[in-house]
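Observations on the three-dimensional arrangement
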Amino acid sequence: MTRDAIFQLPNRTILRLVGPDTRALLQRVITAEVENFPIGTARPGALLTPQGKIICDFMMFSRDNGIDIDVAESAGAALLKRLTMYRLKADVTLSQETALHALWSSTAFDGASEDPRLPGQLWRAVSDADHETRPLGVIEIPAGIPAFGRDYGEAEVFPTDVNLDVYGGVGWTKGCFIGQEVVSRMKRRGTIRKRSLAVTFDGEAPPAGTSLQAGETGVGEITSSHENRAIALVRLDKLEKADAPLTGGDITASTTVPDALKPEPAAERI
């Protein structure tokens, strides 16, 4: 691995949580399971509103003395403030580490953890080393992986809308967390209707905000694009019933729904 193959993520900040109660604090607040979070690995997670929508999401790194959180710079200070408020009497020290950077590479490198959203294709790390800055969109958009600040903003989407549950960022069996009741009810009742999907166009992909159409029926909306690829937030029920070719901005498109994103049978009926 050469130094030039490791890149620094732009517009990110690192929060560091250290102390014996770090995992207990996060376990009762955020979406992800952290009690069984192996040291040396990475895991996505999010903080939700009480109504179950994402305030911000992030990538966590499990350390022997705590957890580092790689979060959008625009959300970092507010997340730190909220976690400090939720700390109460927990023995946890929280700080925003301006000397640390979020790094990524498409090849494993020293100190890096595999990104569970793209196993075998993407590695992430937190380090004080400086590298060339490069965004992840070139990898995330073709893979259909949405990003906070690019594909959605604060309190706009549920975790399932952006596939956070599929990536291991929602601990369905871990017990209560903020917003858990709403999100768990959606899963139990089989009412997860929207998913973010990778879309391929027969030409340059239209910009964010363009409707994804099946004939006269709107089935979703593009949230980001790069070259001929895009991510769209799609109504799965409308896509399933579509009887016309997909288009976006009059450009022919195609998409598939991975098995992991297909609706599950409801465990509880309304």
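Residues numbered from 1 in each chain as written. Predicted model: local features only at pLDDT ≥ 70, side-chain atom pairs only at ≥ 80, totals over all residues. Heavy atoms only, no water.

Regarding the pairing of strand E15 (residues 251-255)
Across three bridges, strand E10 (residues 194-201) lies against E15 in antiparallel orientation. Residue pairing for E15: Val199 is matched across the bridge by Thr255. In terms of strand pairing, strand E14 (residues 246-248) meets E15 through three bridges, oriented antiparallel. Paired with Leu246 across the strands is Ala253, a residue of E15. Between the antiparallel neighbours E14 and E15 lie two residues, among them Gly249 with a positive phi of about 60°. (Pairing = 2+ DSSP bridges. Helix = DSSP H or I, 4+ residues; strand = E, 2+ residues; numbered from the N terminus.)

Let's talk about the layout of surface pockets
Taken as a whole, the largest pocket spans an internal volume of roughly 500 Å³. Split into classes, the residues belonging to the lining of the largest pocket amount to 16 nonpolar, five polar and seven charged. (1 Å grid on protein atoms, 1.4 Å probe; cavity = no way out; pocket = protein on both sides within 12 Å on 5 of 7 lines; lining within 4 Å. Points joined across faces, edges and corners; volume = space filled by probe spheres on them. Nonpolar A, V, L, I, M, F, W, Y, C, P; charged D, E, K, R; others polar.)

Some words on the sheet that holds strand E7 (residues 101-105)
Read from one edge to the other, the open sheet built from four strands follows the order E1-E7-E9-E8, with strand pairing classed as antiparallel. Strands at the two margins of the open sheet, each flanked by one partner only, are strand E1 (7-8) and strand E8 (113-114). Direction of pairing for E8 relative to strand E9 (residues 123-127): antiparallel, over a ladder of two bridges. Within E9, the position partnered with Glu114 by the bridge is Trp123.

Concerning the side chain of Thr255
Note that Thr255 resides in strand E15. Looking at Thr255, the relative accessible area reads 18%, which means it is buried. (Buried < 20%, exposed > 50% of the residue type's maximum accessible area, 1.4 Å probe, protein only.)

A short note on the environment of Asp21
Checked against the element boundaries, Asp21 lands in the loop between strand E2 (12-18) and helix H1 (22-27). In this structure, Asp21 is in contact with Ala90, Asp91 and Val92, ignoring residues within four places of it in sequence. (Contact = heavy atoms within 4.5 Å.)

Focus: the nonpolar core
Among the nonpolar cores identified, the biggest contains 37 residues, and Leu17, Met60, Ile69 and Leu79 are the most heavily contacted of them. When residues of this core are traced back to their parent elements, those giving at least two are E2, H1, strand E3 (42-48), strand E4 (54-63), strand E5 (66-72) and helix H2 (73-87). Looking at this core element by element, the count peaks at five residues for E4. Setting aside residues no more than four positions away along its own chain, Leu17 makes contact with Thr22, Leu25, Leu26, Asn65, Gly66, Ile67, Ile69, Leu83, Val92, Thr93 and Leu94. (Core = buried A, V, L, I, M, F, W, Y, C linked by side-chain atoms within 4.5 Å.)

Remarks on unusual backbone geometry
The backbone of Leu88 sits at a positive phi, close to 55°, despite the residue not being glycine. Mapped onto the elements, Leu88 comes out in the loop between H2 and strand E6 (93-96). Its identity as a non-glycine residue notwithstanding, Ala155 has a phi of 60°, on the positive side. Take Ala155: it is sitting in the loop between helix H3 (137-143) and helix H4 (180-188). When its relative accessible area of 37% is taken as the criterion, Ala155 is described as partly exposed.

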